[in-house]
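# Overview (structure and organization)
So the chains spell out like this:
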Amino acid sequence: MTKEAFQSKVNRLTRLMGVEPKAMSSDIRTALEQIPCVETSDPEKLCAAPRVSVRILTYNHERWIAEAIESVLMQECDFTFEIVIGEDCSTDKTRGICLDYQKRFPHIIRVLHSDTNVGIERNSLRTNARLRGEYVCAFEGDDYWLDTRKLQKQVDLMRKHPDASLCVAFTKTAHGDGAAQIEQKPPRVKERLAFRDLHAYFYHPSARMMTRAYLHQFYALDTLTFSDTSILLAASRFGGVVQLPEHLAVYRCTGTGAFSGAGQLARLRIAMRIASETVVFFYPQHRSFFTQKIFQMAMDFLGADGNGLSRAERREVFRLACTLVGGMPTRRVGKALRFLFEYLLPAREGGRG
């Protein structure tokens, strides 16, 4: 199957599942011009060339934003860094807290904001475009760092591997205001990670560091949605990924995020959009890995309540998913066969309508 034919089938499958295409304009400069942005900072006091830019995206994080900012301010390192806060018109006191920190630390903090809510994708885009550091760390205003030398340790490792584009580390998880805990067993310690290693552990973005050059490379692709998963996987093609085997950050799970706060069908559609873009990006390399995931998500979608598909559309979803997977072992299709009998075969007399 040619790449064009493969992509056509993937596109048809995602359309049937109601997956929306990329929302951002393909012309990044035009997209940026359309995003309102006001910067509150003191250019005379800011360092001219920070080694690291720490990007914090925040919206209605009144309860946690101070802890997030403090966890960066406590960093001990032999270089300068800046904190760039993308505040997305919160309805609580988040903006006031951010502006107060900017007044207290004008040599470090910049706050980007607007009078309207622009959404997480556009807030991310406008903030990323204004980062100045050689390296970039990005997390959200309800997460925080654990180690006072996080920046130093990751910069040292990136210097050791100057070809690498991304550095990952381990995270703990806190549910709401609960204590941070280790909920995933860390993978085998390896300093350099291959593509297959990037699925062994949830490398949350709060514990990552990337080069700003890679950030620009990613945007230049214009084929992948800017997501935690796609930017991690694509890094394996642009210089590679290195790992610092320590717990450096806490991911706070509040159930209100763009993904965690969405319903079952919405989460499936988000995951399918990322998987469908990534499988085409890596085609034919890693095709088998992604198509297995796409097949499973298609089957989950068929079984989800309220998917809105007609019998004919369910039949086509199943057919397309099977075509993409190709020679999948029989033992893997047990769930698919159950859906086949439940949804796709003509109803027998006296059976389901």
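Look above for the structure.
Residues numbered from 1 in each chain as written. Predicted model: local features only at pLDDT ≥ 70, side-chain atom pairs only at ≥ 80, totals over all residues. Heavy atoms only, no water.

### Describing the overall build of the chain
Scanning the chain from N- to C-terminus turns up 12 helices and 10 strands. In the chain, which comprises 353 residues, the proportion classed as buried is 48%. (Helix = DSSP H or I, 4+ residues; strand = E, 2+ residues; numbered from the N terminus. Buried < 20%, exposed > 50% of the residue type's maximum accessible area, 1.4 Å probe, protein only.)

### With respect to the environment of Arg 110
Structurally, Arg 110 is set in strand E4 (residues 109-113). Judged by relative accessible area, Arg 110 falls into the buried class, the value being 5%. Between the alpha carbons of Arg 110 and Asp 42 there is a distance of 7.8 Å; along the sequence they are 68 residues apart. In contact with Arg 110, other than residues within four places in its own chain, are Glu 39, Thr 40, Ser 41, Leu 46, Glu 82, Ile 83, Val 84, Ile 85, Arg 130 and Arg 132. A polar side-chain atom of Arg 110 sits 3.1 Å from a polar atom in the side chain of Glu 82. A distance of 3.0 Å separates the side chain of Arg 110 from the backbone oxygen of Arg 130, its partner in a polar contact. (Contact = heavy atoms within 4.5 Å. Polar contact = N/O pair within 3.5 Å; in protein donor to acceptor, adjacent residues only side chain to side chain.)

### What to know about the packing of helix H1 (residues 3-16) against helix H9 (residues 264-282)
Relative orientation of the contacting elements H1 and H9 amounts to 175°, with a least axis distance of 10 Å. Overall, the two elements H1 and H9 adopt an arrangement that is roughly antiparallel. Along the contact surface, H1 presents Lys 3, Phe 6, Gln 7, Val 10, Leu 13 and Thr 14, while H9 presents Met 272, Ser 276, Val 279 and Val 280. Here the residues of the contact of H1 with H9 are counted per class, giving 6 nonpolar, 3 polar and 1 charged. (Axes fitted to C-alpha atoms, helices over the stretch in contact; angles between N-to-C directions. Parallel < 35°, antiparallel > 145°, perpendicular 65-115°, else oblique. Nonpolar A, V, L, I, M, F, W, Y, C, P; charged D, E, K, R; others polar.)

### Comments concerning unusual backbone geometry
In the segment running from Tyr 283 into Pro 284, the intervening peptide bond is cis, with an omega of -5°. Mapping Pro 284 onto the fold places it in the loop between H9 and helix H10 (287-303).

### Details of the packing of H10 against helix H11 (residues 311-325)
For the pair H10 and H11, the least separation of the axes is 9 Å and the interaxial angle reads 165°. Between H10 and H11, the angle falls in the class roughly antiparallel. For H10 against H11, the interelement crossing comes out left-handed. Contacts between H10 and H11 involve Arg 287, Thr 291, Gln 292, Ile 294, Phe 295, Ala 298, Met 299 and Leu 302 from the first element and Arg 314, Val 317, Phe 318, Ala 321, Cys 322, Thr 323, Leu 324 and Val 325 from the second. Grouping the constituent residues of the contact of H10 with H11 by class yields 11 nonpolar, 3 polar and 2 charged. (Left-handed = near helix turned anticlockwise from the far one by under 90°.)

### A short note on the packing of aromatic side chains
For the coordinates displayed, the defined rule picks out 16 aromatic pairs. Seen from their ring centres, Phe 139 and Trp 145 are 5.2 Å apart, and the 40° between their planes marks the pair as tilted. Here Trp 145 falls in the buried class, since its relative accessible area comes to 2%. Look at Phe 281 and Phe 282: their rings are 5.0 Å apart centre to centre, the planes differ by 85°, and that puts the pair in the edge-to-face class. The class for Phe 282 is buried, based on a relative accessible area of 2%. Chaining the aromatic ring pairs together yields one cluster made of Phe 195, Phe 281, Phe 282, Phe 289 and Phe 290. (Phe/Tyr/Trp six-rings, centres within 6.5 Å; stacked < 30°, edge-to-face > 60°.)

Function-wise, these values are silent; they only describe arrangement.
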